[in-house]
Amino acid sequence: MDDEGTRNVRGSSAGRIPSPAVPPPPAAPPRVPPPTAYEAPRYGAAPVEPPPARPATAPPAEQPPPGASVDAWLRTPRPPQEPGVWRYGYTPPPPEASETVSDRSLLVGALISLLSALLLWALWRNGYLPYRLVPLKLFTPGEWWNPGTSGGPRTIEGRDALTVYEAILFGLLAYGCGRIGNFAELFRRHVTERGQPFLALATAAAAGLAQLLVWKETLPVVRPILVLVASVAGGEIYQSQTVVNVIYGLIAAAVLWPFARLGRWRELVAARRGGGSPPPRDVAATATATTADQWPDLRAAGWTDAADTLTAEVRTGRMNDVDVARLRHAWARAAQRPDRLPPLAEAVLRTGGAAAPHPSGHRDLPRRTARHDVLTGQVRIGRCADDPHNPYVRRGTGLALDPALLGTSLLAVGPPGAGKSDRLVRPVVEALALRALAGQAAVLAVGGTDAPLGPDDAFDVVVRVGHPDSAHDIDLYGGTTDPDEAAAVLAEGLVGDVGSLDSRRAATVLAQLLGPYRTAHGHFPSVPELRELLDGAPVALTALRATLEAGGHQAMLRELDARARQAGGSGDPAPVLADRIALLDRPAFAGFFATGPDARPFELRALGQYPLRVRVDLPERGHAEASRLLARLLLAQFTAITAARTDTTLFACLVLDDATHTVTAETVRGIRRLRSVNAGAVLALRTVDDVPEALHTPLLGAVGCTAAFSGITTWDGKRFAEAWGKEWVETREVAQHTVFADQPFTRALHAVRKLVTGKAVTTDAVTVRQVEKERWSASELAYAVPAGHAVIRVTTVHGEHAPPLLVRLDG
């Protein structure tokens, strides 16, 4: 990744992007040689040596453990799957079995079929079945048989024909007995599933018994074969003992062959000789090819030395999964501009896995609480439950979120304690932070001071609003210099939740004040100054007018005159704006929201330019209304800034841990536009009623991913049920009808049956039909979702979607 000269700079330009809020603790870094020319900043800053890189932390299961196992993680297959499927090491489930027969029914059916077959064969052999020889006599000469339908063979040819005829009938009887008795399922369930060596021993015992029955001529196998061979080759062939022995050997082998296949004797012998099971052919084939840990893209482009260096770094454990993702992304970016390839290759040769570092110099997060696959950008949220609501192919599979899903934005609703912050918001923030370290995303996480968004050293910028030790501040105007744009966003944050007030009129009032003030002073007013202007303080307005008259700014004087004419009217929004801005003009916020030359704000526009990790802590406990105002302002700024950016390479995401009273009509429209500019938002609510009622339907329609946690009310469940729609399902209705008998004997039997069972004799009438049914009803969402679970529906930016899935949030 080209660092774009952003190391140790602050703001949206050189000297404005902040460095990490809290320096990382010292750790033994990997080998980091001096930076190369490739790592030199592009905007004139001198090359500096990156700070010590943080070694890879020990991730949980299904992640690359520290050391040389990263190459195995890199080679693990990640097949393309439906939206939301955890792809790392995915194995498809076995085909869905139909209604299985119980073991008791299976054994009884097989026993009855076997006894019936033995009875029929005994009746056949003893001549109790009439007309048993009629089919044979129809196809053979009449002089072979005695007269009558039951007459036996008269000649040797007749006896030979009868022998072959009986063998054919025995084969058909055995086949029919096996099919009717379902012996294949019985063998699979009670023999095959036990595996080796029981399978081989069982089939060997069955083969020995079959050989005994064949050579004792209990089973008609040997004599019919001898007869057929004699009829084809002539009887003189049996004068040679060698030929007879060969025929006997072939018969014995033919009897053993099906048992050897059923028992998999060949595989067992090969495993015993080789000390283990042989590898599948596809795995052996891929082992000879260039695997992912050998960096085939670099080799294909001719950079063999760089590929060898990275391969050695991976296999010796000097790279972690973030390094792999970062360098793959850096190579993909450099390939678009060939002049960047030689510097990148030189940086790889000199610094190995530490090449193209993140501006902070970090190579991993200090701690992970969820399972991440940085290569695909997925974070595992939970596992789909084994529930009838979930499709069979999704039951037991992991559910994961990635930028392709978050790009449609996500709305999570659940009461306090349902797990929104710990099991959804925190993993998503971690995943986006890892993507930022790989140079592929920027994240802004907003929450209260006690929100579990991650430690300070997991972020590049930490803004603690109202905290005197905060190193950074919030820019109320979003870093813009256009008064109209600043007024529109600020009005949305201040009064966007006031339904009786048009935010466009409020934006006009603010623009009439912000424009003249910026023209006069070179910057926008601070919170106290803006409050005085909105209150119409004569001193402030007179001083501003005098400054504008001295500078000859007639256009701005007309703006002030228009504001003076509108002030005091019945529909003037200035008093409401002044009341709202007064929430920020408190002693606790002294020194914050400054705009002069000594200001230290973090400009939100930097998120669209650099892979930053930003966290904003709001003072929700003592200043709840001010916190909601700031959250609403940040949401409005984020939607406006991301929609206006021209370079959409970085995925930008805003995560609101508590979006109560922050959603407005304008931000809903902005959220709908985020997916087209490679951005997204994650909003967590306690209830849908925290959003104005008029915005319930537009908000649920604007986001592509929704999550309903356990414990929501039926009112919230109804809105989700309507948003998720219905599906066609097959229903079976069984109606019982009483049977009325006409005959006296039948009525007597029914009376005895009713006396014994206590129930009348009935018949069942089954009706099967297709009906349209809600995927999840409001009552099911309110009462059938277990604790620690959520019903999640996901949609990609390309329009692919998955049905609502019941997910156990185990991370």
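These remarks concern the structure in this document. (Residues numbered from 1 in each chain as written. Predicted model: local features only at pLDDT ≥ 70, side-chain atom pairs only at ≥ 80, totals over all residues. Heavy atoms only, no water.)

1. A closer look at the overall build of the protein chain
Counting secondary structure elements, the protein chain contains 28 helices and 16 strands. In the protein chain, which comprises 811 residues, the proportion classed as buried is 45%. Pairs at least 24 residues apart make up 74% of the contacts formed inside the protein chain by residues separated by at least 6 positions. About 39,600 Å² of surface is accessible on the protein chain, with carbon and sulfur atoms providing 56% of the total. (Helix = DSSP H or I, 4+ residues; strand = E, 2+ residues; numbered from the N terminus. Buried < 20%, exposed > 50% of the residue type's maximum accessible area, 1.4 Å probe, protein only. Contact = heavy atoms within 4.5 Å. Areas by Shrake-Rupley, 256 points an atom, 1.4 Å probe, with all protein chains shown as cover.)

2. Observations regarding unusual backbone geometry
That bond from Gln196 to Pro197 is cis: its omega, 5°, falls within 30 degrees of zero. Although it is not a glycine, Arg264 adopts a positive phi angle of roughly 55°. Relative to the assigned elements, Arg264 resides in the loop between α8 (241-263) and α9 (265-274). Of note in the backbone geometry, His661 takes a positive phi value of approximately 60° without being a glycine.

3. Some remarks on the pairing of strand β10 (residues 651-656)
Of all 6 residues that make up β10, 6 are buried, and the element is covered over most of its length. Here β10 shows no split at all, with Phe651, Cys653 and Val655 on one side and Ala652, Leu654 and Leu656 on the other all buried. Of the pairings in the sheet, the one linking strand β5 (residues 441-448) to β10 comprises 6 bridges and is parallel in character. Looking across to β10, one finds that Leu444 is bridged to Leu654. Here β10 pairs with strand β11 (residues 679-685) via 5 bridges, running parallel. Looking at β11, one finds that Leu656 is bridged to Leu683. This β-α-β element, β10 to helix α24 (residues 665-674) to β11, shows right-handed connectivity. (Pairing = 2+ DSSP bridges. Right-handed = clockwise from strand over helix to strand, strands pointing away.)

4. Digging into helix α7 (residues 222-233)
Think of an α-helix as turning once every 3.6 residues; residues three or four places apart then point the same way. End to end, α7 covers 16 Å across 12 residues, agreeing with the expected 16 Å (1.5 Å per residue, within 8%). All of the buried residues in α7 are Val222, Pro224 and Val227. Buried-residue contacts for α7 involve α4 (156-180), α6 (198-215) and α8. Following α7 by one or two positions, Gly234 adopts a phi angle in the positive range, close to 95°. (Expected span 1.5 Å × (residues − 1).)

5. With respect to a nonpolar patch on the surface
A grouping of Leu111, Leu114, Leu115 and Leu118 is seen on the molecular surface, where their side chains present a nonpolar patch of about 370 Å² in accessible area. One can find Leu115 in helix α2 (residues 103-125). (Patch = residues over 30% accessible without salt bridge, like charges linked within 9 Å, V, L, I, M, F, W, Y side chains within 5 Å. Salt bridge = Lys/Arg side-chain N within 4 Å of Asp/Glu carboxyl O.)

6. Focus: the packing of aromatic side chains
To describe a pair of aromatic rings, you give the distance between the ring centres and the angle between the ring planes. A complete count under the given rule lists 9 aromatic pairs for this structure. For the ring pair Trp121 and Phe170, a centre distance of 5.1 Å and an interplane angle of 65° mean the geometry is edge-to-face. Of the two residues, Trp121 is situated in helix α2 and Phe170 in helix α4; the sequence distance between them amounts to 49 residues. Considering the side-chain rings of Phe720 and Trp724, the 5.4 Å spacing of their centres and the 45° angle between planes classify their relative orientation as tilted. Taken together, the positions of Phe720 and Trp724, both in helix α26 (residues 714-724) and 4 residues apart, correspond to about one turn of that helix. An aromatic cluster of at least three residues, connected via ring pairs, comprises Phe589, Phe592 and Phe593. The aromatic ring of Trp73 is capped on one face by Arg78, whose charged end is 4.9 Å from the ring centroid. Of note, Arg194 hangs over the ring of Phe198, and the distance from its end group to the ring centre comes to 4.7 Å. (Phe/Tyr/Trp six-rings, centres within 6.5 Å; stacked < 30°, edge-to-face > 60°. Lys NZ or Arg CZ within 6 Å of the ring centre and 35° of its normal.)

7. Observations regarding the nonpolar core
Residues Leu510, Phe593 and Val616 are the most contacted members of the largest nonpolar core, which totals 95 residues. In terms of residue count, helix α23 (residues 624-644) provides more of this core than any other element does, 10 residues in total. If sequence neighbours within four positions are ignored, Phe593 has contacts with Val465, Asp473, Ile474, Leu476, Ser526, Val527, Leu584 and Leu630. Within the second largest apolar cluster, 48 residues are counted, among which are Leu365, Leu432, Leu437 and Ile792. (Core = buried A, V, L, I, M, F, W, Y, C linked by side-chain atoms within 4.5 Å.)

8. Quick word on the environment of Gly496
Considering the arrangement of structural elements, one finds Gly496 in the loop between α17 (483-495) and α18 (503-521). Residues Gly496 and Thr662, spaced 166 residues apart in sequence, show a C-alpha to C-alpha distance of 8.3 Å. Those residues in contact with Gly496 that sit more than four places away from it in its chain are Ala491, Arg632 and Thr664.

So far we have only geometry, and geometry alone does not tell us how the molecule works.
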